[in-house]
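Topology and contacts: notes
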Amino acid sequence: MALLDIRQRSGYLFLAVILGHILLISAQVNSRTGVPVLEQVTFGIFSEIQRAVSSGLNGVRRMWGGYVDLRQVKTENDDLKKQLADAQVALQAQRALADRAHGLEKLLELRDRVTLQTTAAEVIGGPATLDFRTVTIDKGTRDGLRPDMAIISPAGVVGRVVVPSARSAKVQLLVDRNAAAGALIERSRAQGVVVGAGEDRLRLENVSESADIVAGDTVVTSGIEGIYPKGFVIGTIESVEKNGPAYKRITVKPAVDFSSLEEVLVVTTPTPAHEADQGVSE
Amino acid sequence: MKAAGAILAVAVALAVQTTLARFLVRGSVAVDLVLVAVVYVALTAGPVTGMLTGTFAGLVQDALSSGVIGIGGLAKTIVGFLAGIIGTQFIVAQPLPRFVVFFSTTILHAVIFMGLYVLLDVRHFGTPYAAALGQAVGNAVVGVVAFQLVELLPGAMERRRASRTRLRR
C-alpha cells in the first residue's frame, strides 16, 4: 500500500532518487582544494548562515558599544593611552632585541625565511558538533586561503585551515583531537609533537627520555610538519608526569584562549607543505 | 513482475554490451544497449519503473566502470523518468516518434553524463559531438528495431503456426 502511494507520487520519488545520486557523487569527488564536494558545499552553505548571524550580533554589539555604552569610554580611553605608551616602550625594547637577534641570525645563517605574509580574519562561527574543535573564519579561497595554511593570533598558534570555501574557511583548532604540530621546548630545544586532546589542554608526545622538560617551559613550533612557521608560541608546560626515566604524560597549557577567539591571522606565506602539494599537482 | 522484467532486460543488455565491446576496436561501442533497455522499459512501463530501471542500470554500469559511482545512475534516472513521462503523455507507437525519443534521450544522457564529469573536473571528453550523434543514431535504430521485433514477432509466429496447420489439412 505504501509502495503504491510512493508510486503515485512519482515527482517526490524522482527528487529523492536524484538527491541520493547527488549525495553519492559528492561523497566521492574532491573539489579543487582537495576537500570532498559534499563537505565543501555543506560547509559553504552553513558558513553563510554563521556569517549572517555573526554580522547581526556584531551589529547589535556595535550599536550597544557605540551609542549606549559610552559611559566607560573616557576611562577606557585613558587606560588605552597608558597601555599604548607602555607598549611603545616595550616595542623599543623588542626592536633592540630584534636587531640583535637579526644580527646573530645573519651571522649564523640560520634563518631561511624572513617575513610571513598574513591575512586578518574574523571568527564567525563555532563548531557544528562538540566532538570537533573547529571555528569558521570569514576569509576563503577568494582571499588566497588554501588547506593547511597556519592560523595564528598575537598570543600564539591557533590551528590550520581544513576546509576553505569561497568566502569562508573551517579552521581546525590545535586542541582538536585530530590536530598536531611539531614542537620544541624553547629552553632545552627538546623536540616532540603537540597533540590536541579535545579539551582545553594539549599533550606533548614523542619526547625522548633524555629530554629536559620541566613545568613552566615555553613550547614553540618546530616547523617540522611543514604547516606552522617555526618559533611560534604554542603554550607552556603545565605538568610533567614521569614513569621511571620515561615521560608518561606532559600537559601543555595553550597560549591561546580558544574559547574567546575573535580575530586571527592566516599565514599565507607558502610553507614546505604547500610547495610539496603544488609540486605534486604540477 | 514488471520489476523482474526490467532487471532482466538491463542484465541482458549489459551482458551483450560488455560481450560485444571486447570484439570492437578500442572497446568503443556506438550503441549503449543498457540505455536502449532503460528507454524501452520506460516507454512501455511508465516514469516510475523507467526511473528505477535507469537508477539500477546506471549504478551497475558505474560500479563496473572505473568512474564516479552515481553519475551514470543520475543520467539514466533522469532519462528513464522523462522517457516514461513521454510514453504516458504522448502516443509513441510509430517508428518515427520512437526514433525521435531514443535519439533525444541519448543526447540528453550524453549531455548529463559528460557535463557532470566535466563540471566536477574528473574527466574531460574533448569534442564528443560526433560520437554522441553516432551513438544517438545507433541507439535510435536499435530501439526502433527492438520495438518492431517485440511487437511483430508474436504475430509472425502465430501466422506461421496457422499456415502449418492449414498445410497439414
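Below: a short report on this structure. (Residues numbered from 1 in each chain as written. Chains lettered and ligands numbered in written order. Predicted model: local features only at pLDDT ≥ 70, side-chain atom pairs only at ≥ 80, totals over all residues.)

Here we come to the nonpolar core. Counting 46 residues, the largest nonpolar core has B:V36, B:A37, B:V38 and B:V39 as its most contacted members. At the level of elements, helix 2 (10–28) of chain A together with helix 1 (2–23), helix 2 (33–45), helix 3 (47–64), helix 4 (71–89), helix 5 (95–119) and helix 6 (129–168) of chain B are the ones that each hand at least two residues to this core. Look past the residues within four positions of B:V38 in its chain and what remains in contact with it is B:G50, B:T53, B:G54, B:A57, B:K76, B:V79 and B:G80. Listed in part, the 45 residues of the second largest apolar core include A:V135, A:I185, A:V256 and A:V267. (Core = buried A, V, L, I, M, F, W, Y, C linked by C-beta atoms within 7 Å. Buried ≥ 20, exposed ≤ 12 C-beta atoms within 10 Å, placed from the backbone. Helix = DSSP H or I, 4+ residues; strand = E, 2+ residues; numbered from the N terminus. Contact = placed C-beta atoms within 7 Å.)

Turning our eyes to something else, we now look at the interface of chain A and chain B. Each side of the interface is counted separately: chain A has 12 residues, and chain B has 15 residues. Top contributing element to the side of chain A that touches chain B by residue count: helix 2 of chain A, with nine residues. A per-class count over the side of chain A that touches chain B returns seven nonpolar, three polar and two charged. (Nonpolar A, V, L, I, M, F, W, Y, C, P; charged D, E, K, R; others polar.)

On to the sheet that holds strand 3 (residues 150–152) of chain A. Residue and element names in this part refer to chain A. Strand order in the closed barrel formed by six strands is 1-2-5-4-3-12, with antiparallel pairing between adjacent strands. Taken over all neighbouring pairs, the strand axes of this sheet differ in orientation by 45° on average, direction set aside. Note: strand 1 (residues 118–125) against strand 2 (residues 134–137), two bridges, orientation antiparallel. Within strand 2, the position partnered with G125 by the bridge is T136. (Pairing = 2+ DSSP bridges. Axes fitted to C-alpha atoms, helices over the stretch in contact; angles between N-to-C directions.)

The next subject is the packing of helix 2 of chain B against helix 5 of chain B. Residue and element names in this part refer to chain B. Where helix 2 contacts helix 5, the axes come no closer than 11 Å and their chain directions differ by 125°. In terms of their interaxial angle, helix 2 and helix 5 are classed as oblique. Pair helix 2 / helix 5 crosses with right-handed handedness. Residues L35, V36, V39 and L43 of helix 2 form the contact with helix 5, whose participating residues are V101, F102, T105, T106 and H109. Counted by class, the contact of helix 2 with helix 5 contains six nonpolar, three polar and no charged residues. (Parallel < 35°, antiparallel > 145°, perpendicular 65-115°, else oblique. Left-handed = near helix turned anticlockwise from the far one by under 90°.)

All names here are of chain A. Burial along strand 8 (residues 202–205) is one-sided: L202 and L204 are buried, while R203 and E205, pointing the other way, are not. Here strand 7 (residues 191–196) runs beside strand 8; their pairing, made up of four bridges, is antiparallel. Looking at the pairing, V194 lines up with L204 of strand 8. As paired strands, strand 8 and strand 11 (residues 246–254) are joined by two bridges and run antiparallel to one another. Considered in strand 11, the bridge of L202 is made with V252.

Okay, helix 2 of chain B next. Residue and element names in this part refer to chain B. With 13 residues, helix 2 extends 18 Å between its outermost C-alpha atoms, agreeing within 8% with the 18 Å of an ideal straight helix rising 1.5 Å per residue. Taking burial as the measure, the 13 residues of helix 2 include 12 buried ones, the bulk of the element. Those residues of helix 2 that sit buried are L33, V34, L35, V36, A37, V38, V39, Y40, V41, A42, L43 and A45. Phi for G46, located one or two positions after helix 2, is positive at around 105°. (Expected span 1.5 Å × (residues − 1).)

All names here are of chain A. Of all six residues that make up strand 6 (residues 180–185), five are buried, and the element is covered over most of its length. Where strand 6 meets strand 7, five bridges bridge the pair, whose relative direction is antiparallel. Counterpart to A183 in the pairing with strand 7 is G192. From the end of strand 6 to the start of strand 7, which pair antiparallel, there are five residues, and R189 there has a positive phi angle of about 60°. Relative to strand 9 (residues 218–221), strand 6 runs antiparallel, the two being bridged by three bridges. In the strand pairing of strand 9, L184 is matched with V220.

All right, on to helix 4 of chain B then. An ideal rise of 1.5 Å per residue puts 27 Å on 19 residues; helix 4 of chain B measures up with 27 Å between its terminal C-alpha atoms. With 16 of 19 residues buried, helix 4 of chain B is to be regarded as a mostly interior element.

This part covers the packing of helix 4 of chain B against helix 5 of chain B. Residues and elements named next belong to chain B. Across the interface, helix 4 lies against helix 5 with an axial gap of 9 Å and an inter-helix angle of 155°. One finds that helix 4 runs roughly antiparallel with respect to helix 5. Judged by the twist between their axes, the crossing of helix 4 over helix 5 is right-handed. In contact with I71, G72, L74, A75, K76, I78, V79, L82, A83 and I86 of helix 4, helix 5 contributes V101, T105, L108, H109, I112, F113, L116 and Y117.

Don't take any of this as a statement about function, it's just geometry.
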